[in-house]
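Coordinate inspection notes
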Amino acid sequence: MSSEAVPPNTVQPAALDAVDVKIVQLLTADGRMTNAELAARLGVAPSTAHARLRSLVDRGVITGFHASVDERKLGAGLQAVIGVSLRPSARRESIVAFAERVRTLPQVIQVFFLGGDDDFLLHIAVADSSQMREFVLEHLSAQSSVASTRTSIVFDYHRNAVAASFL
């Protein structure tokens, strides 16, 4: 393998110029911004803003537009991060099955597949401690592939707009 070859499954960072970076920053702060407002904030024509945004989407830099929801207003004010370790037998199959299963649960906000002590971290929101207990017992501990769980209650939650240091 030459020194310039890219290992398989490696994601290369997208080449972003100053306009691309500004688009990402603006839309991260306000994903509902109109194209006309985006163009005005960038100092470019609306057609240019639209083409640049389309390019960011096509290149996979922007992967979607999402609403930020206050779970408390939906009656799910208790959040937790749960570390899940799976049993060593049939790892690949149990990892895939577990991930597919938990992604469909309405209590789950985010799923992280990890390397380290835990195989997964689940960010969940429920109404109260009894629902938390029910979630862990019914959806995690009851699965034969789950070896252990660690639940950490979230006291406060803030999502950074963009955590990448290059922006």
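This one's a predicted model, so the numbers in the text were calculated from it and none came from an experiment. (Residues numbered from 1 in each chain as written. Predicted model: local features only at pLDDT ≥ 70, side-chain atom pairs only at ≥ 80, totals over all residues. Heavy atoms only, no water.)

**Quick notes on helix H1 (residues 18-29)**
Here H1 is 12 residues long and its end C-alpha atoms lie 17 Å apart, about the 16 Å a rise of 1.5 Å per residue gives. Of the residues making up H1, those classed as buried are Asp20, Val21, Ile23, Val24, Leu26 and Leu27. Lining the buried residues of H1 we find helix H2 (35-42) and helix H3 (46-58). (Helix = DSSP H or I, 4+ residues; strand = E, 2+ residues; numbered from the N terminus. Expected span 1.5 Å × (residues − 1). Buried < 20%, exposed > 50% of the residue type's maximum accessible area, 1.4 Å probe, protein only. Contact = heavy atoms within 4.5 Å.)

**What to know about the pattern of salt bridges**
Close approach of charged atoms allows side chains with opposite charge to pair. Tallied over the full model, the rule gives 7 salt bridges. With its nearest N and O atoms 3.0 Å apart, the salt bridge here joins aspartate 20 to arginine 52. In this pair, aspartate 20 sits in helix H1 while arginine 52 sits in helix H3, placing the two residues 32 residues apart along the sequence. You can call arginine 52 partly exposed: its relative accessible area is 23%. We note a salt bridge from arginine 54 to aspartate 58, for which the minimum N-O separation is 3.9 Å. Taken together, the residues span about one helical turn, with arginine 54 and aspartate 58 both in helix H3 at a distance of 4 residues. A relative accessible area of 42% places arginine 54 in the partly exposed class. (Salt bridge = Lys/Arg side-chain N within 4 Å of Asp/Glu carboxyl O.)

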